[in-house]
Amino acid sequence: MVVSKLDFEIAKGKSFKVKIEKMQDELHSEYIPHTVCSSDMYKIARKNICTNPNCKFHTEFPSSDDTKRTFEKLKNGEQAQETFEKEHIDNCKKLDSMTFKVLGSEPKDFDRTRIMGCAYVNPVSTKGIHYQGYCLLWSALQGEQAISVSHARTGTEKLGILTVENGIMYLYDVAHTEQIREPKFDSSKIDVSVKTIGIAKAWIESLKPFDISVIESQTTKNFENLANGKPITTEIQEIKEEIEAEELFAVETNDKELVEEN
Ligand SMILES: [Zn+2]
């Protein structure tokens, strides 16, 4: 189960909800090919029968000769009328999965909000042409510029950024512009007063610096405790309704210690 509304916990018993919304779509969501019944163009559904209740293939499985392929809808939103060979549909998605195609260069401080994933890029050997090539690429990436690439490593088209950070070469998979959804909330409508800024600043300054490199997984700790005969008990928390925002962010020393314990 994916939860999209999370409580932002300032301290025990002091929280408010925020909504998490998907930022990027999978590629090619505008064209979704599917199989149709050859007798009436009705969609062959998951159970591999025709979705038309009046078709003979609604109760029996059609053979592959009794099916064709078309799209869910076209880019302009219209229902597709034509059918296409499976091979031709597959060819549209068939990209060279063995090759990075260099598209150009871009600054290393590229837009972080486009990142979909991250992987290491390492040499395949420690000598010979592949190693020399890797070393040259690594050297080229010492400056301010990263390299934009396209690839199909996982079988589908991907846009990537190759870069070196702290001596390590990384491949970031990034979203094509068409994959990025419009933000749903307009932050220019937030009314910021001197008072709210003061409260918010005091709160963030009260937090201790966090070191992401040393944090351990809570799930792993829970399993360790369980293995050591200390099963965790779930604590249900009473959330105080109708709390003032200022009250939420006014964190006292006691509450801070509770946060740190968790
Ligand atoms: Zn049918």
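What counts and how
What you see as residue numbers is a count from 1 along each chain, following the sequence as written. With the structure being a predicted model, the display of local features is reserved for residues of pLDDT at least 70 and the display and counting of side-chain atom pairs for 80 or more, all residues being used for whole-chain, interface and lining totals. A pair of strands is considered paired only if DSSP assigns at least 2 bridges between the two. Put simply, DSSP H or I for four residues or longer makes a helix, DSSP E for two residues or longer makes a strand, and each gets a number counted from the N terminus. Here an angle of 0 to 180 degrees is reported between the N-to-C directions of two axes, which are lines fitted to C-alpha atoms, with helices fitted over the stretch in contact. Buried means a residue has 20 or more other C-beta atoms within 10 Å of its own C-beta, exposed means 12 or fewer, and partly exposed covers the counts in between; C-beta atoms are placed from the backbone. To define a nonpolar core, we join buried Ala, Val, Leu, Ile, Met, Phe, Trp, Tyr and Cys residues through C-beta atoms within 7 Å and take the resulting set. Any two residues are considered in contact once their C-beta atoms, placed from the backbone, lie within 7 Å. Every residue is assigned a pLDDT by the predictor, reflecting its confidence on a scale from 0 to 100.

Caption draft 1: Up close: the sheet that holds strand E9 (residues 168-174). One open sheet holds the 5 strands; their spatial order is E5-E7-E8-E9-E6, and the pairing between them is antiparallel. Strand pairing shows two members of the sheet lacking a second neighbour, strand E5 (101-107) and strand E6 (115-120), which therefore form its edges. Geometrically, the sheet is characterised by an average inter-axis angle of 30° between neighbouring strands, direction not taken into account.

Caption draft 2: Structural detail: the pairing of E6. Counting buried positions over the 6 residues of E6 gives 0, only a small fraction of the element. Of the strand pairs in this sheet, E6 and E9 are connected by 5 bridges, and their pairing is antiparallel. Bridge pairing in E9 places Ile115 opposite Val174.

Caption draft 3: Main features of the nonpolar core. Core analysis: the biggest nonpolar cluster contains 7 residues, these being Leu141, Ala146, Ile161, Leu162, Leu171, Val174 and Ala175. Elements that contribute at least two residues to this core include exactly strand E8 (158-165) and E9. Those residues in contact with Ala175 that lie beyond four places of it in its chain are Gln24, Arg114, Met116 and Ile180. If you look at the next biggest cluster of nonpolar residues, it comprises 5 residues, including Val36, Cys37, Ile44 and Phe57.

Caption draft 4: Examining unusual backbone geometry more closely. Look at Met41: it is not a glycine, yet its phi comes out positive at around 65°. Topologically, Met41 is positioned in the loop between strand E3 (33-37) and strand E4 (67-71). Non-glycine residue Asn166 carries a positive phi angle of around 50°. Position of Asn166 relative to the elements: it lies in the loop between E8 and E9.

Caption draft 5: Just the environment of Pro183, in detail. Residue position: Pro183 is located in the loop between E9 and helix H3 (194-206). Overall, the presence of 10 C-beta atoms within 10 Å leaves Pro183 in the exposed class.

Caption draft 6: Layout of the confidence of the model for the protein. Scored by pLDDT, the protein has a mean of 83; 90% of the residues are at 70 or more. Here residues 253-262 is a poorly scored stretch, pLDDT under 50, and it has 7 contacts once near neighbours within four places are set aside; other chains count.

Caption draft 7: Structural view of helix H4 (residues 218-227). Of all 10 residues in H4, 0 are buried; the element is thus mostly exposed. Positive backbone phi, at 80°, marks Gly229, one or two positions downstream of H4.

Caption draft 8: Main features of the environment of Leu171. Here Leu171 is to be found in strand E9. The buried category is assigned to Leu171, around which 20 C-beta atoms lie within 10 Å. Spatially, the C-alpha atom of Leu171 lies 15 Å from that of Ser97, the residues being 74 residues apart in sequence. Excluding residues that lie within four positions of it along the chain, Leu171 makes contacts with Ala119, Val121, Gly160 and Leu162.

Caption draft 9: Structural context of the environment of Ser105. Among the secondary structure elements, Ser105 is positioned in strand E5. Once the C-alpha coordinates of Ser105 and Asn48 are considered, the two residues, 57 residues apart in sequence, prove to be 46 Å apart. Ser105 has contacts with Gln145, Ala146, Ile147 and Ser148, leaving out every residue within four places of it along the chain.

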